[in-house]
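Residue-level listing of the chains:
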Amino acid sequence: MPPKNTQPKYRQIADYLRDSILDGTFPAGQPLPSEEALAKQFGVTRPTVRQGLAELRASGLVEAIMGRGTFARSPHSRPGLTRPRGVRRASDGRYIEADGIRWTDAEPPVATRTDAPLALADLLHIPPGEPMFTYDALQTADNGRLRQLHRTYVPFSALIDTKYEEEAPPPAPELYSALADLGHELHFTEYVRTRMPLPDHAQALRLADGVPLLHLIRVTLSESDKPIALEEFYLPGDELELLFRL
């Protein structure tokens, strides 16, 4: 008599679907059994089925398409969106994102004063607690299909003896031209990591359960490698890859 499976039901569902995807029972692009069918098969409620599906979404093996259902994905399939990373300067002096996406702010960003937390202070080479101008923006593109959260930080100390001692600088990307006009030769460094979203991030980006974030930090540096600004980007981590030209 085979040993009884003591795994939680949602884990049994996830394991069954994972094995079926990997062995080709459910090839890439094929719809998976409905939540109702899986609930009946395993003798559970639909929320338990959704918990199992969330595990597979987090591992990239399934994708949910609104109004159509949940579909198998090959572990070797390409994401639906590739975003080149980087900043270049156009002939008119403007700085342009390499991905060429035209982002629209849900609301005009407003400068607020925040104090530098330890992690960001370390990247900016400033004392923890130093005041910074901060801008927050929810940005959308492609008629709302693409969404990202974008935060810009500029330390007060980077603006000493400039006109921005008396007025807030613009948020990025206009910030780059403003810094260049102050005489800086700019270059950039980016840090990329994944993590699970906080509830407000998941809501703003409309993330399904189990979908991680890509968290990008971009540091703007002067010609002497002095950090003078920092940005954070929060991007949905499903169906997305980043392209860096080296």
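Anything mentioned here points back to the structure above.
Now for a quick tour of the structure. Predicted model, so just to flag it, every value in this text is computed and none were measured.

Cut-offs used in this document
Residues numbered from 1 in each chain as written. Predicted model: local features only at pLDDT ≥ 70, side-chain atom pairs only at ≥ 80, totals over all residues. Heavy atoms only, no water. Helix = DSSP H or I, 4+ residues; strand = E, 2+ residues; numbered from the N terminus. Rg over C-alpha atoms; globule rule 2.2 N^0.38 Å. Buried < 20%, exposed > 50% of the residue type's maximum accessible area, 1.4 Å probe, protein only. Contact = heavy atoms within 4.5 Å. Areas by Shrake-Rupley, 256 points an atom, 1.4 Å probe, with all protein chains shown as cover. Phe/Tyr/Trp six-rings, centres within 6.5 Å; stacked < 30°, edge-to-face > 60°. Pairing = 2+ DSSP bridges. 1 Å grid on protein atoms, 1.4 Å probe; cavity = no way out; pocket = protein on both sides within 12 Å on 5 of 7 lines; lining within 4 Å. Points joined across faces, edges and corners; volume = space filled by probe spheres on them. Nonpolar A, V, L, I, M, F, W, Y, C, P; charged D, E, K, R; others polar. Salt bridge = Lys/Arg side-chain N within 4 Å of Asp/Glu carboxyl O. Core = buried A, V, L, I, M, F, W, Y, C linked by side-chain atoms within 4.5 Å.

1. Here's the deal with the overall build of the protein
Along the protein, the regular secondary structure elements total 6 helices and 13 strands. The globule rule puts the C-alpha radius of gyration for 246 residues at 18 Å, and the 23 Å found for the protein is more than 25% above it. Within the span of the protein, comprising 246 residues, buried residues form 40% of the whole. Summarising the internal contacts of the protein: among those between residues at least 6 apart in sequence, 56% fall at separations of at least 24. Just so you have it, the protein exposes about 14,100 Å², and 52% of that area is on carbon and sulfur atoms.

2. Topic: the packing of aromatic side chains
Evaluation of the coordinates by the stated rule reveals 6 aromatic pairs. Among the aromatic residues, those joined into a cluster by ring pairs are Tyr-16, Phe-26 and Phe-42.

3. Brief notes about the pairing of strand β3 (residues 81-84)
Here β3 shows a buried face lined by Leu-81 and Arg-83 and an unburied face lined by Thr-82 and Pro-84. In this structure, β3 lies alongside strand β13 (residues 240-243), joined through 4 bridges in parallel fashion. Looking across to β13, one finds that Leu-81 is bridged to Leu-240.

4. Quick word on the layout of surface pockets
Of the volumes computed, that of the second largest pocket is approximately 670 Å³. Lining the second largest pocket are 26 residues; nearest its centre among them are Glu-97, Ile-101, Trp-103, Pro-173 and Glu-174. Those elements that provide at least two residues to the lining of the second largest pocket are β5 (95-97), β8 (131-141), β9 (146-155) and α5 (174-181). Per-element tally for the lining of the second largest pocket: the top contributor is β8, with 4 residues. Grouping the amino acids of the lining of the second largest pocket by side-chain chemistry returns 11 nonpolar, 6 polar and 9 charged.

5. With respect to the pattern of salt bridges
A full pass over the atoms with the stated rule returns 13 salt bridges. One salt bridge connects Arg-46 with Glu-35, and the closest N-O pair in it is separated by 3.4 Å. Pair noted here: Arg-46 is in helix α3 (residues 46-58) and Glu-35 is in helix α2 (residues 35-42), with a separation of 11 residues, a long-range link. In this structure, Arg-85 engages Glu-190 in a salt bridge whose closest nitrogen and oxygen atoms are separated by 2.8 Å.

6. Side note on the nonpolar core
Ranked by internal contacts, the top residues of the largest apolar core, which has 16 residues, are Leu-17, Ile-21, Leu-32 and Val-49. Broken down by secondary-structure element, the contributors of at least two residues to this core are α1 (9-22), α2 and α3. Per-element accounting of this core gives the leading share, 4 residues, to α1. If we skip the residues at most four places from it in the chain, Ile-21 touches Phe-26, Leu-32, Leu-61, Val-62, Ala-72 and Arg-73. The next biggest cluster of nonpolar side chains, apart from the first, holds 15 residues, and it includes Val-154, Leu-159, Ala-180 and Leu-186.

7. Some points on α5
Among all positions in α5, only Leu-175, Tyr-176, Ala-178, Leu-179 and Ala-180 are buried. Buried positions along α5 lie against β4 (87-89), β5, β9, β10 (187-195), β11 (213-221) and β12 (227-236). At the C-terminal side of α5, Gly-183 shows a positive phi close to 105 degrees.

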